[in-house]
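Here's the letter readout for the chains.
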Amino acid sequence: MCSCHLPPRTTPYDAVVSRPRTDAPLTTKQTSKGTLGTFAGVFTPSILTILGIILFLRLGYVVGNAGLRNALIIIGVATAVSVLTSISLAAIATNIDVKGGGDYYMISRTLGVEFGGAIGIVLFLAQSVSIAFYAVGFGEATVAIFGVDADWAAQAVAAVAVLLLFGLAWLGADVASRFQFVVMALLVAALLSFYVGAFGSFDGGMAGEGWQAPEAGLGFWAVFAIFFPAVTGFTQGVSMSGDLRDAGKSLPRGTFAAVGLSTIVYVSVAILIAGNASSSQLIEDTSILNSIASFGPLIDAGVIAATLSSAMASFLGAPRILQSLAADRVFPVLNAFARGHGPASNPRRAVLLSLGIALGTVAIGNLNAIAPVVSMFFLISYGLLNYATYYEARAASPSFRPRFRFFNRRASLVGALACAAAMLAINVTAGAAAILILVLIYQYLRRIDRPQRWADASRSYYFQRVKEGIRAMTAEAENPRSWRPQVLAFSADPQRRARLLRFGSWLEGESGLTAAVQIVVGEGALMRRERHESEERLRGEIETLGLDVHGRAVLAPDAMEALPVIVQSFGLGPLKANTVLFGWPEETDEMHLAGYAQAVRETHRLGVNVVSMLSDEERWAQLEESPRGERRIDVWWQDDDSSRLALLSAYLFTRTRAWSRARIRVLGWADSEVEVDAATSTIRSLLDESRIDADVECFATPSLGQIARTSGKSSFVMLPSALRQGAFFGPFERSTPLLLTMLPTSAVFMAGSAIDLTAGPETEQSIQLRAAEELVHVAANRLRTLEKQQERLEAEIEIRTGGDDWAADDVAAAQQRLRTVERRILTTRAKLDSAKADVAALLDEPTPSGD
C-alpha cells in the first residue's frame, strides 16, 4: 500500500500513520575470556574421544569381518566425513568470533535460531546421555578386569565414575583438562605397548590372507555401522569453544590434528592386527589387543582411560552447550542455566542437570534402545555444520570472509549428504526418530514469537535466491499465463488504511506482491528524519495487521509529481507494479473528485491497472459480519479488459481464507430481452474456458436502480469503469459515483493493459515464432543443398572446358544448369534472411546479418 502526504489543494489523500515497535531484542554477552589453548582445549578432548573403546575392543572385530581391504575402506569413508566436516567447521570458526556453545553457536549464527535451538537441545541431551554410556563402558571394563560377577556391579561402578567426573566438571575446565593429561598418558602407554608387541610379531602372509572379507563375515554396511561411532567424537573440542583463548585458531588446528593423528592410529592398528591374528581370532576375541601387546595390562588401562576420557569430554561439553542456549534465551524455561561461576563462567547449574541425566541413564541399565538415536544426533550436527558452510558460501555474502581458505561449498554439501547417507547406512529407524525429534523442535521454535537477537546468514541467502530468481525471470518471455498482481495502494485517510490493506491482500490472492509506500511531502533534514520515522510506523502497523505487505516511505517535494515516479520505479527487473490501488473518495465535492480523477488519469496513462475501493465503516462492518459461507461477489460484465480484470480479481479473492467459500456471480447485459440468453451463453463459455466457477445472470440494459437492487445484498461488488473528460462511467455508461452510493462495499476496475483469461502455454507470438524458426531451418537446409550443387557444376564445367572429348553443347548445358542453381541460391538466401528477420522481430532482437 502507498499512502501519501498530499496537499488538500491537489489531492484527497492523507498520510499513512502508525506507531513503531520499541521492543528491542534482548541480548546476552559472555564477558569471560577463555584460558585454554589448542592442545588442552581442542586436541586433547577430541583425540581422547576418537581413540576410544572401539579402537581397543571393536577394531579387531571390524577387520575380522570386513577383511583388511574393506576395513581400510571403512576407515577411509568415515575419515572423509570427518575431514569434510572439519573443513566446514574451520570455515565457520574462522569467519565469526565463536563464543561458548560449540556446534550450537556456529549453527545458530549461520542457519538461524530454529536450527541452532533444535540441534542445541538435542546435543545437550545426547552428550549428557553419552556420559552414562561411557561410564557404563568403564564399569563393564572394570568389572571384567577384576572378575566381579554381579549384575549390579557395572552400574554401581558407573555411578561412582559419574560422581567423580562430576567433581572435576564442577571445579572447571582447567582442572578437568589436567585430569585429561593423565588419561592421555595412559592412552599413549597402551598404544606404545601394542605397537611394540605388534611390530615384533607381524606376519605379512597372515595379513595377506586376511586381505579379503571372510565368507561368513558380516556385510560391509553392517561393519561400517559398528565402526563409524568411533569418529563421532572429533568435535568434542568444539563444545569447549567458550573456554578457548582464540577459538578461531584453536578449533580448526586442534580438530584437524586430532582427525589426522587418529586416522594414522586406526589405519596402522588395523594393518598390524591383521598381521598378528587370523580373521576367526579377530571375530571371536574382542580383547585381541591384550594378546598382541607387549604388556597386556596397559591395554586394560587404555580401555579404562578411553571410557573415562570420553565421559569427561561429554561432561565438559554438554553443560556449555546448555549455558550458551540459555544465554540466547531460546527456551525461556532454561534461562536460569545461563549463569556461570567464577572468572571462566563455569556452567555449574548445567553441570548439575547433566549429572542428573547421566545418573538417571545409568539407572536404566540397558542402554541399547536409545544409543543409536544418540549417535544420530551427533551425525545430524555434523551434517548441519557442513550444510551451514554450504549455506553461507551459497549466499555469497560479502561478510563471509573465513581466514581458512581451503574450503569449497560443494565439498561442504557433499559432507552434509555423506552424513545423511551414514545415518541411513547405520540405522534407518534411529535416524528417522532423531530427525523427527529435531523437526518437532524446529517447528516449535519457528512458530513462537520472539525478538531477533543476532544476524544469521538467512537474509544473505534469501537475497541471493531473489537475485537468481529475478535473473531467471528476466530471461523468460512474458506470457499472460504467468501474470500476477503486483500492487501499489494509496490510502484515502488513516481511518480507512487497515481496510484498504486488507482489500489489497484479497486482491493479490496470495499470489502477488503488495507494497505500502508513504509519500512524505517536504525537504530538509527534519523531513528526512520524518521520512525515517514514518517508515518505521508504517512497517509497525503492517506487522500489527499481520499482512504480507512491504512498507516504505519516500520523501518528495510534491506528492502528485512523485506519484507517477513511484509507480514507474517500483520493483526491479520483471518485478514491477501492474496494479495501483486507491481508496474511492468519500467526499463528493468537486475539488476532491477532480484531485482523485487527476491521480487516476496520471496513473492509468502509465499502462497499469487502477483499482479503487469504496468502503466506509458501516459497509465494512456489514462485510465482516456476513458469514463466510454465505458471502457472494458480484462482477458486472461488459466484455472488456476491465471486466476481465474484475473477474480475475474475484477469483483471486476466493483463494484467500476469508473468501474461500464465497460464490462469484457474473452479471451481464444485452440490448434486448431476445438477446439475453445468447449473452448468458457467451459468458458461460468464457467462464468454462477460463476455468472459473461462477453463476451467470444477464439483463436487458439494466437501469441504475436495477443494478442497485440486484447487488444490494451482495458481500462485495466489482465494477468495470472508464474515465473520460474527468468523469467516471461504470457498467452500461452509468455514472460510477452515483452508482457506488447505492451499493455495499465495492471496487471499481480500470484495466491498463490487455487481460487474457484463457491464455495457455503457447501464445500467438510463440506460434508465429515456431513457424518462423521452421522457415529458417528449411531455407538453411535448402541453401546448403544448392551450394553443394553449385560446387559440383562448377567443377564439371572446369573439367569439360579443359578437355578435348566434350562437345560445346554439353558445356553450354552445364553452364545453363549452373545459372539456374545460382538464381535459386539468391532466392533461397533472400527467404532465409527474411525468416531470420521475422525471428529476430518476434524475439525483439537485432536483425541478424545475411550469409
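Keep in mind that this is a model prediction, so the values were computed, not measured.

### A word on the nonpolar core
(1) Moving on: Ranked by size, the top nonpolar core spans 115 residues in total, and within it Leu 55, Phe 56, Phe 194, Phe 227, Leu 251, Tyr 266 and Ile 273 carry the most contacts.
(2) Moving on: With sequence-adjacent residues up to four places away left out, Phe 56 is seen in contact with Leu 51, Leu 187, Ala 190, Thr 286, Leu 289, Ile 299, Gly 302, Val 303 and Ala 306.
(3) Moving on: Counting residues in each nonpolar core, the second largest holds 43 residues, with Ala 650, Ala 679, Ile 692 and Leu 757 among its members.

### A closer look at unusual backbone geometry
(1) Moving on: Phi at Arg 329 is positive, roughly 55°, even though this residue is not glycine.
(2) Moving on: With respect to the element layout, Arg 329 can be found in the loop between helix 13 (296–327) and helix 14 (348–364).
(3) Moving on: A positive phi angle is found at Gln 725, which is not glycine, with a value near 55°.
(4) Moving on: Positionally, Gln 725 belongs in the loop between strand 13 (722–724) and strand 14 (727–729).
(5) Moving on: Given the relative accessible area of 86%, Gln 725 is considered exposed.

### Structural notes on a nonpolar patch on the surface
(1) Moving on: Where nonpolar side chains cluster on the molecular surface, the patch consists of Ile 145, Phe 146 and Val 148 and spans about 300 Å² of accessible area.
(2) Moving on: Secondary-structure assignment places Ile 145 in helix 5 (residues 113–146).

### Description of the confidence of the model for the protein chain
(1) Moving on: For the protein chain, mean pLDDT is 83; residues scoring 70 or higher make up 91% of the total.
(2) Moving on: Confidence, read as mean pLDDT per element, is least for strand 1 (residues 3–4) in the protein chain (44) and greatest for strand 9 (residues 632–636) (95).
(3) Moving on: Here residues 846–851 is a poorly scored stretch, pLDDT under 50, and it has 11 contacts once near neighbours within four places are set aside; other chains count.

### As for the packing of aromatic side chains
(1) Moving on: Using the criterion set out here, one finds 32 aromatic pairs in the structure.
(2) Moving on: Taking 5.7 Å as the distance between ring centres and 50° as the angle between the ring planes, the aromatic pair formed by Phe 166 and Trp 170 counts as tilted. Highlighted residues: Phe 166 and Trp 170, both in helix 6 (residues 153–171), separated by 4 residues, approximately one helical turn.
(3) Moving on: With a centroid separation of 5.3 Å and an interplanar angle of 80°, the aromatic rings of Trp 221 and Phe 224 are classed as edge-to-face. Taken together, the residues Trp 221 and Phe 224, both in helix 9 (residues 220–227) and 3 residues apart, mark about one turn of the helix.
(4) Moving on: By relative accessible area, which is 49% here, Trp 221 ends up partly exposed.

### Structural notes on the packing of helix 7 (residues 173–200) against helix 10 (residues 247–274)
(1) Moving on: Viewed as axis vectors pointing N to C, helix 7 and helix 10 meet at an angle of 35°, and their least axial separation amounts to 10 Å. For helix 7 against helix 10, the interelement crossing comes out left-handed. Residues Leu 191, Phe 194, Tyr 195, Ala 198 and Phe 199 of helix 7 form the contact with helix 10, whose own contacting residues are Val 265, Ser 268, Val 269, Leu 272 and Ile 273.
(2) Moving on: Of the residues assigned to the contact of helix 7 with helix 10, the class counts are 9 nonpolar, 1 polar and no charged.

### Quick word on the packing of helix 5 against helix 14
(1) Moving on: Two elements in contact, helix 5 and helix 14, have axes separated by 8 Å at closest approach and are oriented at 50°. Taken together, helix 5 and helix 14 sit at an angle that is classed as oblique. For the crossing formed where helix 5 meets helix 14, the hand is right-handed. Residues Phe 124, Leu 125, Ser 128, Val 129, Ile 131, Ala 132 and Val 136 of helix 5 lie in contact with helix 14, whose contacting residues are Ala 350, Leu 353, Ser 354, Ile 357, Ala 358, Thr 361 and Val 362.
(2) Moving on: Across the contact of helix 5 with helix 14, the residue classes break down as 11 nonpolar, 3 polar and no charged.

### Focus: helix 9
(1) Moving on: Restricting attention to buried positions, one finds in helix 9 the residues Val 223, Phe 224, Ala 225 and Phe 227.
(2) Moving on: Of the surrounding secondary structure, the elements contacted by the buried residues of helix 9 are helix 2 (53–57), helix 3 (59–93), helix 10 and helix 16 (409–426).

### Focus on a positive patch on the surface
(1) Moving on: On the surface, a cluster of positive charge is contributed by Arg 782, Arg 819, Arg 823, Arg 824 and Lys 831.
(2) Moving on: Examining the composition of the positive patch, we find that 4 residues originate from one element, helix 29 (residues 808–843), more than from any other.
(3) Moving on: In this structure, Lys 831 sits in helix 29.
(4) Moving on: Residue Lys 831 is classed as exposed on the basis of its relative accessible area of 55%.

### A look at the pairing of strand 8 (residues 609–614)
(1) Moving on: Among the 6 residues of strand 8, 6 are classified as buried, and the element is accordingly described as predominantly covered.
(2) Moving on: Of the two faces of strand 8, the one holding Asn 609, Val 611 and Met 613 and the one holding Val 610, Ser 612 and Leu 614 are both buried throughout.
(3) Moving on: As judged from the 5 bridges shared by strand 7 (residues 579–583) and strand 8, these two strands associate in the parallel manner. Looking at the pairing, Thr 579 lines up with Asn 609 of strand 8.
(4) Moving on: Taking the sense of rotation as the criterion, the β-α-β connection linking strand 7, helix 22 (residues 590–604) and strand 8 turns out right-handed.
(5) Moving on: Bridge count for strand 8 against strand 15 (residues 746–750) is 5 bridges, and the pairing is antiparallel.

### Here we look at helix 16
(1) Moving on: Under the 1.5 Å per step criterion, the end-to-end length of helix 16 is 26 Å for 18 residues, consistent within 8% with the ideal 26 Å.
(2) Moving on: Those residues of helix 16 that fall on the buried side of the exposure criterion are Ser 412, Gly 415, Ala 416, Cys 419, Ala 422 and Met 423. Each buried residue of helix 16 lies within a common arc of 120° when the element is viewed along its axis, so the set occupies one face. Exposed positions of helix 16 whose direction lies more than 90 degrees from the buried face are Arg 410, Leu 417 and Leu 424.

About the cut-offs
Residues numbered from 1 in each chain as written. Predicted model: local features only at pLDDT ≥ 70, side-chain atom pairs only at ≥ 80, totals over all residues. Heavy atoms only, no water. Core = buried A, V, L, I, M, F, W, Y, C linked by side-chain atoms within 4.5 Å. Buried < 20%, exposed > 50% of the residue type's maximum accessible area, 1.4 Å probe, protein only. Contact = heavy atoms within 4.5 Å. Helix = DSSP H or I, 4+ residues; strand = E, 2+ residues; numbered from the N terminus. Patch = residues over 30% accessible without salt bridge, like charges linked within 9 Å, V, L, I, M, F, W, Y side chains within 5 Å. Areas by Shrake-Rupley, 256 points an atom, 1.4 Å probe, with all protein chains shown as cover. Salt bridge = Lys/Arg side-chain N within 4 Å of Asp/Glu carboxyl O. pLDDT = per-residue confidence, 0-100. Phe/Tyr/Trp six-rings, centres within 6.5 Å; stacked < 30°, edge-to-face > 60°. Axes fitted to C-alpha atoms, helices over the stretch in contact; angles between N-to-C directions. Left-handed = near helix turned anticlockwise from the far one by under 90°. Nonpolar A, V, L, I, M, F, W, Y, C, P; charged D, E, K, R; others polar. Parallel < 35°, antiparallel > 145°, perpendicular 65-115°, else oblique. Lys, Arg positive; Asp, Glu negative; His and termini not counted. Charge placed at Lys NZ, Arg CZ, Asp CG, Glu CD. Pairing = 2+ DSSP bridges. Right-handed = clockwise from strand over helix to strand, strands pointing away. Expected span 1.5 Å × (residues − 1). Arc of directions from axis to C-beta.

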